[in-house]
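Take a look at the letters that make up each chain.
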Amino acid sequence: MKELILDYIKREYLDADDAGDAPLTADTPLISSGIVDSFSMVSLKRFLEKQYAIRIPDEEATPQAFDTVTSIVGLVARHLPKTGA
Amino acid sequence: MAYPAAVRDAWRAELAGIREKGIFKDERFIHSPQAARITVEYPAGAPLKEVVNLCANNYLGLSSHPAVVAAAHRALDERGYGMSSVRFICGTQDVHRALEEKLTAFLGTEDTILFASCLDANAGVFEAILGPEDVMISDRLVHASIVDGIRLCKAMHDTYKHCDMAHLEEKLREHQDKRVRVVITDGVFSMDGDMAPLDEIVALAEQYRALVFLDDSHATGFIGRTGRGVHERFGVMGKIDILTTTLGKALGGASGGCVSGRKEIVDLCRQRARPYLFSNAVPPPIAASAIAVLDILSATTARRDALEANAAFWRAGLKDAGFVIKDGDSPIVPVMLFNAKLAQEVARDLYDEGVYVVGFFFPVVAAGQARIRTQLSADHDIPMLERALEAFKKVGAKHGILGLDKKGIIEKYGL
Ligand SMILES: Cc1ncc(COP(=O)(O)O)c(C=O)c1O
């Protein structure tokens, strides 16, 4: 899941001239560092909802919850249907 | 009244934090009319100093132009000072309608509605025409007032990478299921001075059945062969569905803005746009002077031609001196310093050398993208700009940044 989300973020938010900057990892701050502005966050939310067939309520789609891929993975996991139940 | 000490202390701490970061914005008092050369008191209480102004939006030098001032005087005598009413109650004079018609003709659109500012125009237009079945697709660097307008609107929103047409196309494809798609862009981007590729945007909008929204605040009056704006420059006049612009920059610089474009969109704004319905009418002297400005600009291109020549001279001069500037073709020329404190210090040193500029940094621009934004005016002349260049070279040398590229400056000063 991490890789898929990282990939999307690179495609959706990074420009070609960011390539020389520090590589993006699961713990790179996204929003607080300005890589993703909170205004453009919506496409990431829609991507997650579509990719994992979940609905993330707006009140949970906070800049904090979206700040790193690690926390995004946690957020998605909370909304995935429980397997084996 | 309850202003609890804890709340006061919290806000004081926030202010202190802003100062500590070196990004506190304080104002400088100008003791003269807006012009290429102004008299400034800075810091407060300091002796007055005459400096070259390189940070006004006074692109055409019309803010204090005698014909513009005279038109305001005349209207003040003949139509009074203020309207004390919103437009639809008893706030519409003949001058308002005349100005709206002049703007429509100048911009090459179907109709125009005035607002108290372009911020108001941008804040009101989307909500007035779009609903949940629609989508707004905006460039990621659009002006803050557009961001506000988008936030106030119930339509879905999405963004594309700055001026990235492949990414825009991807988004247009993704949103084919919506009733209305609106592509939203600035004409000239105010912080970078670059231009949206409007011909390509219009072509994509036609291909994917989308409307085009253009904020031409930093272009109206001087971009394009006759100064109509970025749509003229790219040969797509008449193809912009929603065009917003300001009277607060090149067009006399007082205040006021408008939504110009398709008739039905303008009509809906008159019925529904909240900043139009619930805020006072533009004062008569301002409306009358804006008409005078449009008359000047329709009669001659001398001012935009002078501005273009000044901007070309200035860009080349800064580049030759070894500064990192953002490439472009507008009178906005950002000198990149990347580090916020460095931008502040360079601005302060330039003031000592008689050049008035301001440092911009997060959150006005992205973190690590601090800069000094220089803006040219038709009222500058080459000797004035030559002296300003000497000042830039002196200050650049003092900070050891001449000839350094982005990487070099960041290595030296950090982000
Ligand atoms: C692109 C853009 N749009 C709108 C505005 C707001 O214009 P006004 O001063 O008329 O509210 C500005 C001014 O800062 C601007 O740069």
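Calculation notes
Residues numbered from 1 in each chain as written. Chains lettered and ligands numbered in written order. Predicted model: local features only at pLDDT ≥ 70, side-chain atom pairs only at ≥ 80, totals over all residues. Heavy atoms only, no water. Helix = DSSP H or I, 4+ residues; strand = E, 2+ residues; numbered from the N terminus. Rg over C-alpha atoms; globule rule 2.2 N^0.38 Å. Contact = heavy atoms within 4.5 Å. Buried < 20%, exposed > 50% of the residue type's maximum accessible area, 1.4 Å probe, protein only. Areas by Shrake-Rupley, 256 points an atom, 1.4 Å probe, with all protein chains shown as cover. Pairing = 2+ DSSP bridges. Axes fitted to C-alpha atoms, helices over the stretch in contact; angles between N-to-C directions. Parallel < 35°, antiparallel > 145°, perpendicular 65-115°, else oblique. Left-handed = near helix turned anticlockwise from the far one by under 90°. Nonpolar A, V, L, I, M, F, W, Y, C, P; charged D, E, K, R; others polar. Near = heavy atom within 4 Å. Polar contact = N/O pair within 3.5 Å; in protein donor to acceptor, adjacent residues only side chain to side chain. Salt bridge = Lys/Arg side-chain N within 4 Å of Asp/Glu carboxyl O.

**Here's the deal with the overall build of chain B**
For step 1, the next point in the chain: Assigned secondary structure in chain B consists of 16 helices and 14 strands.
For step 2, the next point in the chain: For 415 residues, the compact-globule formula gives about 22 Å, and the C-alpha radius of gyration of chain B, at 22 Å, lands near that figure.
For step 3, the next point in the chain: Dimensions of chain B, computed from C-alpha atoms along their principal axes, come out at roughly 60 × 55 × 55 Å.
For step 4, the next point in the chain: Contacts in chain B between residues at least 24 apart in sequence constitute 70% of all its contacts with a sequence separation of at least 6.

**With respect to the overall build of chain A**
For step 1, the next point in the chain: In terms of helices and strands, chain A carries three helices and zero strands.
For step 2, the next point in the chain: Helices (α) and strands (β) of chain A occur, in sequence order from the N terminus, as α-α-α.
For step 3, the next point in the chain: Sorting the 85 residues of chain A into buried and exposed places 40% on the buried side.
For step 4, the next point in the chain: For chain A, the share of sequence-separated contacts (at least 6 apart) that also reach a separation of at least 24 residues comes to 57%.
For step 5, the next point in the chain: Total accessible area computed for chain A in this model is approximately 4,800 Å², and 56% of it derives from carbon and sulfur atoms.

**Let's talk about the sheet that holds strand β3 (residues 49–53) of chain B**
Residue and element names in this part refer to chain B.
For step 1, the next point in the chain: Spatial ordering of the open sheet is given by β1-β2-β3-β12, a layout of four strands whose pairing is mixed. Strands at the two margins of the open sheet, each flanked by one partner only, are β1 (29–30) and β12 (355–356).
For step 2, the next point in the chain: In this structure, β3 lies alongside β12, joined through two bridges in parallel fashion. When the sheet's bridge partners are listed, Asn53 is paired in β12 with Tyr356.

**Description of the environment of B:Lys249**
For step 1, the next point in the chain: Note on placement: B:Lys249 falls in the loop between β9 (242–246) and β10 (257–261).
For step 2, the next point in the chain: Excluding residues that lie within four positions of it along the chain, B:Lys249 makes contacts with B:Asn57, B:Asn58, B:Tyr59, B:Ser63, B:Ser217 and B:His218.

**Focus on the packing of helix α1 (residues 2–13) of chain A against helix α3 (residues 69–79) of chain A**
All names here are of chain A.
For step 1, the next point in the chain: With their axes 10 Å apart at the nearest point, α1 and α3 run at an angle of 120° to one another. Classified by the angle between their axes, α1 and α3 sit oblique to one another. The handedness of the crossing between α1 and α3 comes out as right-handed. When α1 is examined against α3, the residues Lys2, Ile5, Leu6 and Ile9 are found in contact with a partner set consisting of Val69, Thr70, Ile72 and Val73.
For step 2, the next point in the chain: Across the contact of α1 with α3, the residue classes break down as six nonpolar, one polar and one charged.

**What about the site of the ligand?**
Residue and element names in this part refer to chain B.
For step 1, the next point in the chain: Cys118, Asp215, His218, Thr246 and Lys249 are the nearest of the 14 residues found near the ligand.
For step 2, the next point in the chain: Between the ligand and Leu119 there is a distance of 2.9 Å, counted from an oxygen atom to a backbone nitrogen or oxygen.
For step 3, the next point in the chain: Within the side chain of Lys249, a nitrogen or oxygen atom sits 3.0 Å from an oxygen atom of the ligand.
For step 4, the next point in the chain: Its free accessible area being 400 Å², the ligand has 81% of it covered by the protein chains.
For step 5, the next point in the chain: Sorting elements by how many residues they give to the shell around the ligand places helix α5 (residues 118–129) first, with three residues.

**Section: the pattern of salt bridges**
All names here are of chain B.
For step 1, the next point in the chain: Within this structure, the stated rule accounts for 35 salt bridges over all chains.
For step 2, the next point in the chain: As a salt-bridge pair, Arg97 and Glu101 come within 3.8 Å of each other at their nearest N and O atoms. You can see Arg97 and its partner Glu101 sitting in helix α4 (residues 94–107), four residues apart, about one turn around the helix.
For step 3, the next point in the chain: On the accessibility criterion, Arg97 (32% relative accessible area) is partly exposed.
For step 4, the next point in the chain: Two residues, Lys393 and Glu390, come together in a salt bridge whose shortest N-O distance is 3.4 Å. Residue Lys393 and its partner Glu390 are both found in helix α15 (residues 382–398); the two are separated by three residues, about one turn of the helix.
For step 5, the next point in the chain: It is possible to trace a salt-bridge network through shared partners that takes in Arg87, Arg97, Glu100, Glu101, Asp111, Lys263, Asp267 and Arg270.

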